[in-house]
Amino acid sequence: MQQHMRAARQRRTSTLRSDTFRALHEHEHKLACYCPTCDRWQVLDLERLIADGRGEYCFVGREPRCSYCRGPGVWQLRPPVMPPRSYGSVQS
Ligand SMILES: [Zn+2]
């Protein structure tokens, strides 16, 4: 039992490291931030951020800041869109 739990935890930590702009971009994720004050979405231009030398920026644990009201926002990670097939087989 103990060993089983440890194995499960290891599997989780060995999944992709996606806490930097570069890692997200390489895995075709998109990063957006949302400002609840302005009710505004902004999708980050990861390619440009990496070109600007900010590819290793670790956004996890930090708050995005709204460029309009300077208020704190929230990150939203958007994984690549999967074809419906990958959700599993459906019995017909
Ligand atoms: Zn705002």
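Check the entry above for the structure.
Residues numbered from 1 in each chain as written. Predicted model: local features only at pLDDT ≥ 70, side-chain atom pairs only at ≥ 80, totals over all residues.

Let us look at the sheet that holds strand β2 (residues 40-43). Taken in spatial order, the three strands make up an open sheet running β2-β1-β3, and their pairing is antiparallel. Among the strands making up the open sheet, the edge pair consists of β2 and β3 (74-78). For this sheet, the mean inter-axis angle between neighbouring strands, taken without regard to orientation, is 25°. Bridge count between strand β1 (residues 30-35) and β3: five bridges; the pairing is antiparallel. When the sheet's bridge partners are listed, Ala-32 is paired in β3 with Gln-76. (Pairing = 2+ DSSP bridges. Helix = DSSP H or I, 4+ residues; strand = E, 2+ residues; numbered from the N terminus. Axes fitted to C-alpha atoms, helices over the stretch in contact; angles between N-to-C directions.)

On to unusual backbone geometry. With the exception of glycine, the majority of residues adopt a negative phi angle, and the majority of peptide bonds are in the trans configuration. One non-glycine residue with positive phi stands out, namely Glu-28, at about 60°. Take Glu-28: it is sitting in the loop between α2 (21-26) and β1. Using a count of 11 C-beta atoms within 10 Å as the deciding quantity, one classes Glu-28 as exposed. In this structure, Asp-39 is a non-glycine residue whose phi angle is positive, near 55°. By secondary structure assignment, the location of Asp-39 is in the loop between β1 and β2. (Buried ≥ 20, exposed ≤ 12 C-beta atoms within 10 Å, placed from the backbone.)

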